[in-house]
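Remarks on the overall topology
Below, each chain spelled out in residue letters.
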Amino acid sequence: MTRTVVDVAIEDPRFATLVTAVVAVPDVLEMLEEPGPWTVFAPTNDAFVTFLNENGLTVEQVLASPALPDILKKHVVPGTLLSSDAVA
């Protein structure tokens, strides 16, 4: 059985907040459950905490935001992208 991006994220507790956000947006969840390859710029829980604190937001506010689908989609690139490619 081929693991999806979502499977990998679920298995790593550092991405629990991201998984919660992806599950909240069915279009993004369905996309990431498709065979890839996908490159996901996946913020960790610590990155979410930093973002939330710097912007005076709560996870609940982010999850309720109508912009969440677009924000998540901007973190996904079809294909395999290496960090050296992203910097270039």
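Residues numbered from 1 in each chain as written. Predicted model: local features only at pLDDT ≥ 70, side-chain atom pairs only at ≥ 80, totals over all residues. Heavy atoms only, no water.

**A word on the environment of L81**
Here L81 shows up in the loop between β2 (76–78) and α7 (83–87). Residue L81 is classed as partly exposed on the basis of its relative accessible area of 31%. With 43 residues separating them along the chain, L81 and W38 place their C-alpha atoms 8.2 Å apart. (Helix = DSSP H or I, 4+ residues; strand = E, 2+ residues; numbered from the N terminus. Buried < 20%, exposed > 50% of the residue type's maximum accessible area, 1.4 Å probe, protein only.)

**Observations concerning the nonpolar core**
Counting residues in each nonpolar core, the largest one holds 17 residues, and the members touching the most others are L18, V22, V25, V28, L32, L68 and L72. Listing elements by their share of this core, those giving two or more residues are α1 (5–11), α2 (16–23), α3 (26–32), α4 (45–55) and α6 (68–73). Setting aside anything within four residues of it in sequence, one finds V25 in contact with L68, P69 and L72. (Core = buried A, V, L, I, M, F, W, Y, C linked by side-chain atoms within 4.5 Å. Contact = heavy atoms within 4.5 Å.)

**Concerning α2**
For an α-helix the count is 3.6 residues per turn, leaving residues at separations of three or four pointing the same way. Among the residues of α2, T17, L18, V19, A21 and V22 are the ones counted as buried. Turning to α2, the residues buried within the fold contact α1, α3, α4, α5 (59–64) and α6.

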